[in-house]
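# A closer look at the structure
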Amino acid sequence: MADKKHIDEISGVETTGHEWDGIRELNNPMPRWWVWTFYATIVWSIGYTIAYPAWPLLTDNTKGLLGYSSRAEVAEEIETAKLAQSGYLERIAELPLTEIVADRELVQFAVAGGAAAFRVNCSTCHGSGAAGGPGGYPNLNDDDWLWGGDLDSIYTTIAHGIRYTNDPDSRVSEMPAYADILQPEEIRQVAAYVVSLTGTPRDASMVEPGQQIFMDNCAACHGDDARGIRDLGAPNLADAIWLKAEGEAGIAAQIAQPKHGVMPGWVGRLGDPTIKQLAVFVHSLGGGE
């Protein structure tokens, strides 16, 4: 004989048979508004899958009666953005850098475009904040420039690179390996002299002969005052900003067997307008001259 349905004494409603700690669940019907809303969502979902791309097939998917494509929409938005930018890019391509930075609206566009190009192409070596990195990647925020920090110099460096063999206009400088020229003691003396230029006290017995060796072998590129010669890409040795190595041992190692970095020329890859935007952006970081 089937179990008799339990009726709640207070409400007179049949229960579902579920019970938790003496509490029984009433078998009330769902509210009509909820039921109709649920049916409406089912109808809406069926209509949506008919109107829009939805169902996967073996090699493709249903296209929907409306022919909508999110990719086509994105492509259209990109094209609209390119059209909006084209006027600025044309002006950047036509104008010299000095006129670009003189135009407030144009320089804002150039800085924004240069920042985007920097993140994609340059941040791998120079860091996301352009502060440089280990291995000789220079900090672009300070005012220490091997080849000059004015707009035209920055443009040339970005466009043609440094020691980039694929570009005949690339900047080239090379420090000889003084391990083949000087004695180890002489290299240590030169390193002691270079360290002393930054105000670090050194033994005069090392510094004085080191200064003479510097004048005989290094001043032709770094200058008599050791502040560098930009036309040669020779760095300033008197400002305590070090690219390849620092400390007496590191400087001695660089003198003995110098490291030479390579930066590619970007004009062939990115085009002149983008190079100009990069130059304006780097110049705006604070160290531009």
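Residues numbered from 1 in each chain as written. Predicted model: local features only at pLDDT ≥ 70, side-chain atom pairs only at ≥ 80, totals over all residues. Heavy atoms only, no water.

Spelled out, the test is: UniProt positions are given in the numbering used here, feature names are shortened, and annotations may be inferred rather than shown by experiment.
By the naming in an unreviewed UniProt entry, the protein chain is Cbb3-type cytochrome c oxidase subunit, taken from Peteryoungia desertarenae. Of the protein chain, the UniProt comment under Subcellular location (unreviewed entry) reads exactly: "Cell inner membrane". UniProt lists a comment for the protein chain under the heading Subunit (unreviewed entry), and it reads "Component of the cbb3-type cytochrome c oxidase at least composed of FixN, FixO, FixQ and FixP."

### Quick notes on the overall build of the protein chain
Using the following cut-off: For helices the rule is a DSSP run of H or I covering at least 4 residues; for strands it is a run of E covering at least 2, with both sets numbered from the N terminus onward. With the radius of gyration taken over C-alpha atoms, the globule rule is written as 2.2 Å times the number of residues to the power 0.38. Throughout, a contact is declared for two residues whenever any of their heavy atoms are within 4.5 Å.
Helix and strand counts for the protein chain stand at 12 helices and two strands. Written out in order from the N terminus, the α and β elements of the protein chain read β-β-α-α-α-α-α-α-α-α-α-α-α-α. Since a compact globule built from 289 residues should have a radius of gyration of about 19 Å, the 35 Å found for the protein chain marks it as more spread out than a globular shape. Principal-axis analysis of the C-alpha atoms places the extent of the protein chain at approximately 115 × 55 × 40 Å. In the protein chain, 52% of the contacts between residues at least 6 apart in sequence involve partners at least 24 apart.

### Focus: helix H10 (residues 247-256)
Rules: Exposure categories follow from relative accessible area, calculated using a 1.4 Å probe and restricted to protein chains: below 20% of the type maximum is buried, above 50% is exposed, and the middle band is partly exposed.
Every buried residue of H10 is accounted for by Gly250, Ile251, Ala252, Gln254, Ile255 and Ala256. Packed against the buried residues of H10 are helix H7 (184-196).

### A short note on the side chain of Gln189
Looking at the element boundaries, Gln189 is found in helix H7. Among the residues examined, Gln189 registers a relative accessible area of 12% and is labelled buried. Each residue touching Gln189, except ones within four places of it in the same chain, is listed here: Met206, Pro209, Gly210 and Ile213.

### What about the nonpolar core?
Stated formally: We call a set of buried residues a nonpolar core when its members are Ala, Val, Leu, Ile, Met, Phe, Trp, Tyr or Cys and they connect through side-chain atoms within 4.5 Å of each other.
Core analysis: the biggest nonpolar cluster contains 29 residues, and Ile100, Phe118, Ile158, Ile275, Leu278, Val280 and Val282 have the highest contact counts within it. For this core, the secondary structure elements donating two or more residues are helix H3 (97-102), helix H4 (104-121), helix H6 (151-160) and helix H12 (272-284). Broken down by element, the residue count for this core peaks at seven residues, all from H4. Those residues within four positions of Ile275 in sequence are excluded, and the remaining contacts are Tyr155, Ile158, Ala159, Trp266, Val267 and Leu270.

### Observations regarding the pattern of salt bridges
Stated formally: Between Lys or Arg on one side and Asp or Glu on the other, a salt bridge is scored when a side-chain nitrogen of the former is within 4 Å of a carboxyl oxygen of the latter.
The tally for this structure, following the rule as stated, stands at five salt bridges. A salt bridge links Arg24 to Glu19, with the nearest nitrogen and oxygen atoms 3.6 Å apart. Taking relative accessible area as the criterion, Glu19 reaches 43% and is therefore assigned partly exposed.

### Some words on the UniProt feature "transmembrane region" (unreviewed entry) in the protein chain
Under the local residue numbering, the UniProt record ascribes the feature "transmembrane region" (unreviewed entry) to residues 33-55. Along residues 33-55 the backbone is 83% helical and 0% strand, and the end-to-end C-alpha distance reaches 30 Å.

### Topic: the state of the cysteines
As used here, a disulfide is simply a covalent bond connecting the sulfur atoms of two cysteines. Rule in force here: Any two cysteine sulfur atoms lying within 2.5 Å of each other are counted as a disulfide.
Summed over the entire model, instances satisfying the criterion amount to zero disulfides. Free cysteine: Cys218, not disulfide-bonded; nearest cysteine sulfur from Cys221 at 8.5 Å. According to the relative accessible area criterion, Cys218 is buried, its value standing at 10%.

### Things to note about the pairing of strand E1 (residues 15-20)
We count it as follows: In short, DSSP must find at least two bridges between two strands for them to pair.
When E1 meets strand E2 (residues 23-26), the two strands line up antiparallel, connected through three bridges. Among the inter-strand pairings, Thr15 is bridged to a residue of E2, identified as Leu26. Hairpin remark: E1 followed by E2, antiparallel, with two residues in the connecting loop; positive phi at Asp21, about 50°.

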